[in-house]
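Remarks on the overall topology
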Amino acid sequence: MKITYYGHASLGIETNGKHFIVDPFITANPLAKHIDIDSLKADYILLTHAHQDHVLDVEAIAGRTGATVICNAEMSYYYEKKGLKAVGMNTGGKMELDGIKIKSTIAFHSSSFADGTYGGNPNGYILESDDKRIYIAGDTALTREMKLIPKTLGDLDLAIFPIGDHFTMGIEDACTAADFVKCDKVLGYHYDTFPPIKIDALEAKSYFSVREKELILLAIGEDMVV
Ligand code: NI
Ligand code: MN
């Protein structure tokens, strides 16, 4: 599984020959100016909730690529009305697409579109493919429900957590979340984009390392293999 960071909470995931784009917010992110969304491959666009900083570039990418949007039920109705292909899930459900297992998890946050349309409940996702299992938490607070993940699904190879604080978990809660899901390897996202979520990267990494965990922070456009 190859994971590329496109800034904020935007990711590219390549697995089993398919390309996912997660929560595309790229064209309005000044830190991601060097990313050309017209160059991104997408079979699926995976969305955690309807906030603008997660869905801004959905229509542009789906319109160009014909990608199917995977999201919660309410968001799927919204995108189907706009003529896009969408698959709506709901919290706790799982499905399989092209040999890739996708499970929708609990996230404590809110969800509405920029035009005020109700965006359903926010979610995270667990993806299983290529004998790997990753957890994309989405925008969320620390929640005890995270403890259920390793109990029901088994070990994670990577946890992707918001670390910017203010709107989501910050460094300390994300480190506790790593304990809850029993995964010591964390990719941080949802930080630095706006003034309230700026972090000190060195401090954040050392907070994790003294607790015997690894916090990975990718440059925008950089990728890693899980
Ligand atoms: Ni949000
Ligand atoms: Mn957000």
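About the criteria used
Residues numbered from 1 in each chain as written. Chains lettered and ligands numbered in written order. Predicted model: local features only at pLDDT ≥ 70, side-chain atom pairs only at ≥ 80, totals over all residues. Heavy atoms only, no water. Axes fitted to C-alpha atoms, helices over the stretch in contact; angles between N-to-C directions. Helix = DSSP H or I, 4+ residues; strand = E, 2+ residues; numbered from the N terminus. Left-handed = near helix turned anticlockwise from the far one by under 90°. Contact = heavy atoms within 4.5 Å. Nonpolar A, V, L, I, M, F, W, Y, C, P; charged D, E, K, R; others polar. Buried < 20%, exposed > 50% of the residue type's maximum accessible area, 1.4 Å probe, protein only. Polar contact = N/O pair within 3.5 Å; in protein donor to acceptor, adjacent residues only side chain to side chain. Disulfide = S-S within 2.5 Å. Donors = N, O, S within 2.8 Å, 3.2 Å for Na, K, Ca; no water. Tetrahedral: all angles 85-135°; square planar, octahedral: opposite > 155°, others 65-115°. Pairing = 2+ DSSP bridges. Salt bridge = Lys/Arg side-chain N within 4 Å of Asp/Glu carboxyl O.

What follows is about the packing of helix α5 (residues 171-180) against helix α6 (residues 201-209). Between α5 and α6, the least distance of the axes is 10 Å, while the angle of their chain directions is 30°. Where α5 crosses over α6, the handedness of that crossing is right-handed. Two secondary-structure elements touch here, α5 through I171, E172, A174 and C175 and α6 through A204, Y207 and F208. Here the residues of the contact of α5 with α6 are counted per class, giving six nonpolar, no polar and one charged.

For the α-helix, the turn length of 3.6 residues means that residues three or four positions removed from each other point alike. Those residues of helix α3 (residues 73-81) not exposed but buried are A73, M75, S76, Y78 and Y79. Structurally, α3 contributes buried residues whose contacts are with α1 (52-55), α2 (58-65), β5 (68-72) and β6 (86-89). Taking the backbone nitrogen of E74 as reference, a side-chain oxygen 3.2 Å away marks N72 as the first, capping residue of α3. Two residues or fewer past α3, G83 is found with a positive phi of approximately 90°.

Before going further, it helps to spend a moment on the state of the cysteines. A full pass over the atoms with the stated rule returns zero disulfides. Unpaired in terms of disulfides, C175 finds its nearest cysteine sulfur in C183, a separation of 12 Å.

Turning our eyes to something else, we now look at α5. Taken together, the buried positions of α5 are occupied by I171, A174, C175, A177, A178 and F180. Looking at the buried residues of α5, the elements they touch are α4 (148-153), β11 (158-162), β12 (185-189) and α6. Positive phi shows up at K182, right after α5, with a value of about 55°.

Coordination of the nickel ion (ligand 1) by the protein is provided by H49 (NE2), H51 (ND1), H109 (NE2) and D139 (OD), with metal-donor distances spanning 2.2 to 2.4 Å. For the nickel ion (ligand 1), the four donor atoms in the first shell make angles of 86 to 178° at the metal, a pattern classed as irregular. One chain supplies every donor for the nickel ion (ligand 1), spaced along it as H-x1-H-x57-H-x29-D. Here the manganese ion (ligand 2) and the nickel ion (ligand 1) are spaced 3.1 Å from one another, each receiving a donor from D139. Across this residue pair, the class does not change: H49 and H51 are buried.

Read across the sheet, seven strands follow the order β7-β8-β9-β10-β11-β12-β13 without closing on themselves; strand pairing throughout is mixed. Only two strands of the sheet have a single partner each, and these edge strands are β7 (94-97) and β13 (214-216). Neighbouring strand axes in the sheet, compared pairwise and without regard to direction, differ in orientation by 25° on average. Two strands pair when backbone bridges link them, and strand β8 (residues 100-106) and strand β9 (residues 123-129) are joined in this way by six bridges, in the antiparallel orientation.

As enumerated under the stated definition, the model contains seven salt bridges in all. Of the charged contacts, one joins D223 and K2 as a salt bridge, the two residues approaching to 3.8 Å between their closest N and O atoms. With D223 in strand β14 (residues 223-225) and K2 in strand β1 (residues 2-5), the pair connects residues that are 221 residues apart, well separated along the chain. A relative accessible area of 36% means that D223 is categorised as partly exposed. On the accessibility criterion, K2 (31% relative accessible area) is partly exposed. Its salt-bridge partner being E59, residue K82 comes within 3.9 Å of it at the nearest N-O pair.

These results come straight from atomic positions and should not be treated as a statement about function.
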